[in-house]
Amino acid sequence: MPVRPTVLTGDRPTGPLHLGHYVGSLRNRVALQRDHRQFILVADAQALTDNAHDPAKVSRNVLEVAADYLAVGIDPAASTICVQSALPALAELTLLYLNFVSVARLERNPTIKDEIKARQFGRDIPAGFLCYPVAQAADITAFKATIVPVGDDQLPLIEQTNEIVRRINRQARRDILPDARGLLSRISRLPGIDGRAKMSKSQGNAITLSASDADIIAAVQAMYTDPDHLRVADPGRVEGNVVFTYLDAFDDDSATVADLKARYRRGGLGDVELKRRLARVLCDVIGPIRQRRADIARDPDTIRDILHAGTMAARGVTATTLAEVRQALGLFELTKPDKCPAPE
Ligand code: TRP
């Protein structure tokens, strides 16, 4: 049997996942799990890099994010879901990799630059935050993943990972770690309902995967369209119109969407009618996810069991990679098996 390629992704558990996650990555993961070896990290350690003041929030959201995964159709029999902070090999790899990247390079990383600005750290950037791309390189390489399904904002992190991979391989004088490539979905970045570049819970412009029909309708009503499209008869702009961006992402009937675009451009299609269609489409996408999520959330013990089993499996995989990297770099190895003496 040919070896199935390995896929790795993760999400920071800081709140419920939303439609941006769904179109940017979750939908791809559900499709990939059939013929790939897929690992999905609940990235709680990464979430701490800008939430150190509220670890309880991060901890609480681990189960929530796992419930979101199961609700969208991630199948624990086909994908391994694991908890990042419970994988010590990731921390150890991070510590080694930190020596193969400069602070200047981290400061130049476009994703980090944008995020530092958005979080208004000023000069008080947590060191863990500046270095999280190195930890993410550890995540990706520990599983020897070659495919990383992500939104386009994550591509600079994959580039940074591959730089580290090359340096480690050069130091090791052989290719122990594979290159990874980002897999973008057709819609790799969903704008917020306010028209801002990215849907984000912290910006308050998101529609979550557990939104009620009433939430969805309210969000669609508030959605940014064409500010110059005042009367129904006026011609309207389709480009930059969030309602059309969402129809492109979620409405399977692309012929009708093309027709609506033509009518909107010509004039004669009102925002109310257009938004009514989008609300219906989104309710149809989210409704079944919300229903499954409610069923799953009733049984948190099962979610815990899934996380436990996945994390134990991931411990084996990541510890093996760590041992290979340690050996390839020529780190000191103890001659006796490393068993701790029992405490006094
Ligand atoms: N940085 C990702 C996010 O912001 C989360 C993440 C952590 C991740 N480790 C990863 C993504 C490894 C892809 C691969 O959501």
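Per chain, residue numbering runs from 1 following the sequence as it is written. The predicted nature of this model means local features are confined to residues of pLDDT at least 70 and side-chain atom pairs, given and counted, to a pLDDT of 80 or more, with totals for whole chains, interfaces and linings taken over all residues. Only hydrogens and water are set aside; all other atoms, that is, all heavy atoms of the structure, feed into the side-chain values.

What follows deals with the domain arrangement of the protein chain. Source of the domain bounds: an automatic or database domain assignment. What the domain assignment reports for the protein chain is domain 1 (6–190 + 300–329) and domain 2 (213–295). Between the C-alpha centres of domain 1 and domain 2 there is a distance of 33 Å. Across the boundary between the two partners, domain 1 contributes 13 residues, which contact 10 residues of domain 2. Accessible area that two parts lose when put together, evaluated with a 1.4 Å probe and summed over both, is termed the buried area. When the two sides are added together, the surface that domain 1 and domain 2 hide from each other amounts to roughly 1,000 Å², 66% of it contributed by carbon and sulfur. When the buried area of domain 1 at its contact with domain 2 is split by residue, Leu19, Ala71 and Leu190 rank highest and sum to 49% of it. By definition, a salt bridge exists where a carboxyl oxygen of Asp or Glu is found within 4 Å of a side-chain nitrogen of Lys or Arg. Connecting domain 1 to domain 2 are 2 salt bridges. Between arginine 293 and aspartate 68 there is a salt bridge, with its nearest N and O atoms 2.5 Å apart. Only DSSP runs of H or I covering at least 4 residues are called helices, and only runs of E covering at least 2 are called strands; the numbering of each starts at the N terminus. When residues of the side of domain 1 that touches domain 2 are traced back to their parent elements, those giving at least two are α1 (19–32) and α3 (55–72). A total of 6 residues in the side of domain 1 that touches domain 2 trace back to one element, the largest contributor, which is α3. In this count, Pro and Cys sit with the nonpolar residues alongside Ala, Val, Leu, Ile, Met, Phe, Trp and Tyr, while Asp, Glu, Lys and Arg are called charged and the others, Gly among them, polar. The residue inventory of the side of domain 1 that touches domain 2, partitioned by class, reads 9 nonpolar, no polar and 4 charged. Contacts are assigned to residue pairs with any non-hydrogen atoms lying within 4.5 Å of each other.

All right, on to unusual backbone geometry then. Backbone geometry at glutamine 120 places phi at a positive 50 degrees, although glycine is not the residue there. The topology assignment puts glutamine 120 in the loop between α6 (110–119) and α7 (127–130).

It is worth spelling out the pairing of strand β2 (residues 37–42) at this point. Looking along a regular strand, one sees side chains alternate from face to face of the sheet. Buried residues dominate β2, accounting for 5 of its 6 residues. Whether two strands pair comes down to DSSP finding at least two bridges between them. In terms of strand pairing, strand β1 (residues 6–11) meets β2 through 6 bridges, oriented parallel. Looking across to β2, one finds that glycine 10 is bridged to leucine 41. Handedness of a crossover: with both strands directed away from the viewer, a clockwise path from the first strand across the helix to the second marks it as right-handed. Crossover connection from β1 via α1 to parallel β2: handedness right-handed. For β2 and strand β3 (residues 79–83), the ladder comprises 5 bridges, and the chain directions are parallel. The residue of β3 that forms the bridge with isoleucine 40 is isoleucine 81. Whether a residue is buried, partly exposed or exposed follows from its accessible area with a 1.4 Å probe, protein chains only, as a fraction of its type maximum: under 20%, in between, or over 50%, in that order.

Taken together, 13 residues surround the ligand, and among them Arg12, Gln46, Gln136, Asp139 and Gln154 come closest. For the purposes of these results, a polar contact is taken to be a pair of N or O atoms within 3.5 Å, where, inside protein, one atom must be able to donate a hydrogen and its partner to accept one; residues adjacent in sequence count only when each atom of the pair is a side-chain atom. Here an oxygen atom of the ligand sits 3.3 Å away from a polar atom, N or O, in the side chain of arginine 12. For the ligand, a nitrogen atom lies 2.8 Å from a polar atom in the side chain of glutamine 46. Burial of the ligand by the protein chains amounts to 91% of its free accessible area of 360 Å². Here a residue counts as near a molecule or strand whenever at least one of its heavy atoms sits within 4 Å of it. For every accessible area listed, the method is Shrake-Rupley and the probe measures 1.4 Å; residues are considered covered only by the protein chains on display.

A few words on the packing of helix α11 (residues 242–250) against helix α12 (residues 254–266). In helix packing, the relevant descriptors are the interaxial angle and the interaxial distance, both defined with respect to the helix axes. Convention adopted: a line fitted to C-alpha atoms gives each axis, helices being fitted over their contacting stretch, and angles between N-to-C directions are expressed from 0 to 180 degrees. It is the contact of α11 with α12, at a shortest axis distance of 10 Å, that shows an interaxial angle of 165 degrees. What the angle tells us is that α11 and α12 run roughly antiparallel. Judged by the twist between their axes, the crossing of α11 over α12 is left-handed. Within the contact between the two elements, α11 uses Phe244, Leu247 and Asp248 and α12 uses Val257, Leu260, Lys261 and Tyr264. Residue composition of the contact of α11 with α12, by class: 5 nonpolar, no polar and 2 charged. Any angle from 65 to 115 degrees is called roughly perpendicular, while one under 35 is roughly parallel, one over 145 is roughly antiparallel, and all others are oblique. Crossings are assigned a handedness: left-handed for a near helix turned anticlockwise from the far helix by less than a right angle, right-handed for a clockwise turn.

Structurally, glutamine 38 can be placed in strand β2. Judged by relative accessible area, which is 1%, glutamine 38 ranks as buried. Of the polar contacts made by the side chain of glutamine 38, one reaches the side chain of serine 79; its length is 3.0 Å.

Turning next to the pairing of β3. Counting buried positions along β3 yields 5 of 5 residues, so the element is predominantly enclosed. The two faces of β3 match: Ser79, Ile81 and Val83 on one face and Thr80 and Cys82 on the other face are all buried.

With that settled, consider α1. End to end, α1 covers 19 Å across 14 residues, agreeing with the expected 20 Å (1.5 Å per residue, within 8%). Think of it this way: the bend at a residue is just the angle between two axes, each fitted to seven residues, one set ending at that residue and the other starting at it. Of all the bends in α1, the largest measures some 45 degrees and sits at serine 25. With 10 of its 14 residues buried, α1 lies for the most part within the structure. Within α1, burial applies to Leu19, Gly20, Tyr22, Val23, Gly24, Ser25, Leu26, Asn28, Arg29 and Leu32. An expected span of 1.5 Å times one less than the residue number is assigned to each helix.

Under the counting rule described, the total for this entry stands at 21 salt bridges. Note that arginine 189 is salt-bridged to aspartate 152, the shortest N-O span being 2.9 Å. With arginine 189 in the loop between β5 (181–183) and α10 (213–221) and aspartate 152 in the loop between β4 (147–149) and α9 (155–172), this residue pair connects regions lying 37 residues apart in the sequence. Bridged by salt links that share partners, the residues Arg12, Asp50, Glu115 and Arg119 form one connected network.

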